[in-house]
Amino acid sequence: MAGSTAAAAIVGGSLYGGYTASDKGPSLRYFATVMKKNKISPFLKNNPSIFPNTSVQISSTGLWESKKRSRAVVVSAKMFVDEMRSVAMKLHTKDQAKEGGRKSSSSNKPIGKLQPSVEGYLKFLVDSKIVYDTLESIVQNSANPSYAKFKNTGLERSEKLVKDLEWFKKLGHTIPEPSSPGTNYARYLEQLSETDPPGFICHFYNVYFAHSAGGRMIGKKVAGMILDDKELEFYKWDGDLKELLQHVRDDINEIANSWSREEKDHCLEQTAMSFECSGEILQLVLSS
Ligand code: HEM
């Protein structure tokens, strides 16, 4: 397990002894000495760019991990987006994801074990669309330079949902009006984007990344149950999804580098709200 390797590195420091960072930063020998005294962790957490070419991560236990890549030691401190992911994963139930930190209850049964309806699924798609419309118009039009980074990430879902709703309409289904889970969340996001950028970015991350992970699984299950396995546009991306997600992770990390620890914690605290709002929209799949 990585934690025990890391512990050995702290105690012995030998993992780092022979290397010197190839940039003008401090040598790794110095780094090992400071690490040994175990005083650097909070410092590095707040200054992750100080060893820009050094492969160092802070594990969830607060211990250290290092990787030697070919001869150069490449790297970065544990990035903020890893903290965001870790908080999000703890809010999943064990049924939803292996890393889930919550027990399943009757109110959060896996969707695959319940019976969705096309009407309910359409409500879910319409309410999802209003959330994506809102997120995408905020990043396109905001004066906040941090949001500009999220223009044209390739993760946008609004236009894909337009196509899917047209497809349902052609089949003779009535497209419902947006309902309160979607409209309330959209209004909340608009307010947050103006008053609280770290909070807004938490929702931005969770909405897009949840859809790329659990959202896709759910879409596949529902399609198997009620759509004859039809793959909707909502679940297709132009380009390599992994790469698109990584670019957004990098951008979030860059923005978060300028945040104080308080701002970072405030961002993480919004995760629960994001789960609650998205969870309500998800429940629409099961409504009639
Ligand atoms: C029935 C509901 C859900 C299911 C079944 C589900 C399932 C999953 C699964 C299987 C993963 C992948 C774990 C891995 O990387 O191994 C995941 C990741 C994730 N989920 Fe969910 N999830 C659900 C709801 C949500 C909600 C409501 C949110 C927040 C709005 C959310 C946010 C995330 C995030 C941020 C990740 C990490 C994605 C990444 O690192 O690429 N999930 N989820």
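All of these numbers come straight from a predicted model, not from anything done at the bench.

Describing the overall build of the protein
Here's step 1: Along the backbone of the protein there are 12 helices and 2 strands.
Here's step 2: Put simply, the protein runs from its N terminus to its C terminus through helices and strands in the order α-α-α-α-β-β-α-α-α-α-α-α-α-α.
Here's step 3: Put simply, the protein has 288 residues, and 30% of those count as buried.
Here's step 4: Taking the contacts inside the protein whose residues are at least 6 apart along the sequence as the reference set, 69% of them involve residues at least 24 apart.

Considerations on the nonpolar core
Here's step 1: Among the nonpolar cores identified, the biggest contains 44 residues, and Leu125, Val131, Leu135, Phe204 and Tyr205 are the most heavily contacted of them.
Here's step 2: Sorting elements by how many residues they give to this core places helix H6 (residues 118–141) first, with 11 residues.
Here's step 3: Those residues within four positions of leucine 135 in sequence are excluded, and the remaining contacts are Leu189, Phe204 and Val207.

Considering the site of the ligand
Here's step 1: If you check the shell around the ligand, you find 19 residues, and the closest are Gln96, Ala210, Ala213, Gly214 and Ser278.
Here's step 2: Breaking the shell around the ligand down by element, the ones donating at least two residues are helix H5 (80–90), helix H10 (197–226) and helix H12 (261–283).
Here's step 3: Here the shell around the ligand gets 7 residues from one element, more than from any other, and that element is H10.
Here's step 4: Residue composition of the shell around the ligand, by class: 11 nonpolar, 7 polar and 1 charged.

Some thoughts on the packing of H10 against H12
Here's step 1: At a closest axis distance of 8 Å, the pairing of H10 and H12 adopts a crossing angle of 45°. Overall, the two elements H10 and H12 adopt an arrangement that is oblique. For the pair H10 and H12, the crossing hand works out as right-handed. Between H10 and H12, the residues in contact are Pro198, Gly199, Ile201, Cys202, His203, Asn206, Val207 and Ala210 and Glu263, His266, Cys267, Leu268, Gln270, Thr271, Ser274 and Ser278, respectively.
Here's step 2: Looking at the contact of H10 with H12, its residues break down into 7 nonpolar, 8 polar and 1 charged.

Thoughts on unusual backbone geometry
Here's step 1: In this structure, aspartate 228 is a non-glycine residue whose phi angle is positive, near 55°.
Here's step 2: When the 7 C-beta atoms within 10 Å are taken as the criterion, aspartate 228 is described as exposed.

Here's the deal with the environment of leucine 125
Here's step 1: Residue position: leucine 125 is located in helix H6.
Here's step 2: Between the alpha carbons of leucine 125 and proline 178 there is a distance of 9.2 Å; along the sequence they are 53 residues apart.
Here's step 3: Setting aside residues no more than four positions away along its own chain, leucine 125 makes contact with Leu161, Asp164, Leu165 and Phe234.

Quick notes on the environment of proline 198
Here's step 1: One can find proline 198 in helix H10.
Here's step 2: Proline 198 sits in the buried class, given 21 other C-beta atoms within 10 Å.
Here's step 3: Residues proline 198 and aspartate 265 lie 67 residues apart in sequence; the distance between their C-alpha atoms is 9.1 Å.
Here's step 4: Apart from residues lying up to four places away in sequence, proline 198 is in contact with Trp259, Glu263, His266 and Cys267.

Some details on the environment of aspartate 251
Here's step 1: Mapped onto the elements, aspartate 251 comes out in helix H11 (residues 241–256).
Here's step 2: Taking the C-alpha atoms as reference points, aspartate 251 and valine 81, separated by 170 residues in sequence, lie 9.5 Å from one another.
Here's step 3: Dropping the residues within four chain positions of it, aspartate 251 is found in contact with Lys149 and Phe150.

Some words on helix H9 (residues 180–195)
Here's step 1: Between its terminal C-alpha atoms H9 stretches 22 Å, which fits the 22 Å expected from 16 residues at 1.5 Å a residue.
Here's step 2: Within H9, the full set of buried residues consists of Pro181, Gly182, Tyr185, Ala186, Leu189, Leu192 and Ser193. Buried positions in H9, seen along its axis, are confined to an arc of 130° and lie on one side of it. H9 presents Ser180, Arg187, Gln191, Glu194 and Thr195 as exposed residues on the side facing more than 90 degrees away from its buried surface.
Here's step 3: In this fold, the buried residues of H9 make contact with H6, H10 and H12.

Description of the confidence of the model for the protein
Here's step 1: For the protein, per-residue confidence averages 79 on the pLDDT scale, and residues scoring 70 or more make up 70% of the total.
Here's step 2: Every residue in residues 1–76 is under pLDDT 50, and counting partners more than four places away or in other chains gives 96 contacts.

Rules behind the numbers
Residues numbered from 1 in each chain as written. Predicted model: local features only at pLDDT ≥ 70, side-chain atom pairs only at ≥ 80, totals over all residues. Helix = DSSP H or I, 4+ residues; strand = E, 2+ residues; numbered from the N terminus. Buried ≥ 20, exposed ≤ 12 C-beta atoms within 10 Å, placed from the backbone. Contact = placed C-beta atoms within 7 Å. Core = buried A, V, L, I, M, F, W, Y, C linked by C-beta atoms within 7 Å. Near = placed C-beta within 6 Å. Nonpolar A, V, L, I, M, F, W, Y, C, P; charged D, E, K, R; others polar. Axes fitted to C-alpha atoms, helices over the stretch in contact; angles between N-to-C directions. Parallel < 35°, antiparallel > 145°, perpendicular 65-115°, else oblique. Left-handed = near helix turned anticlockwise from the far one by under 90°. Expected span 1.5 Å × (residues − 1). Arc of directions from axis to C-beta. pLDDT = per-residue confidence, 0-100.

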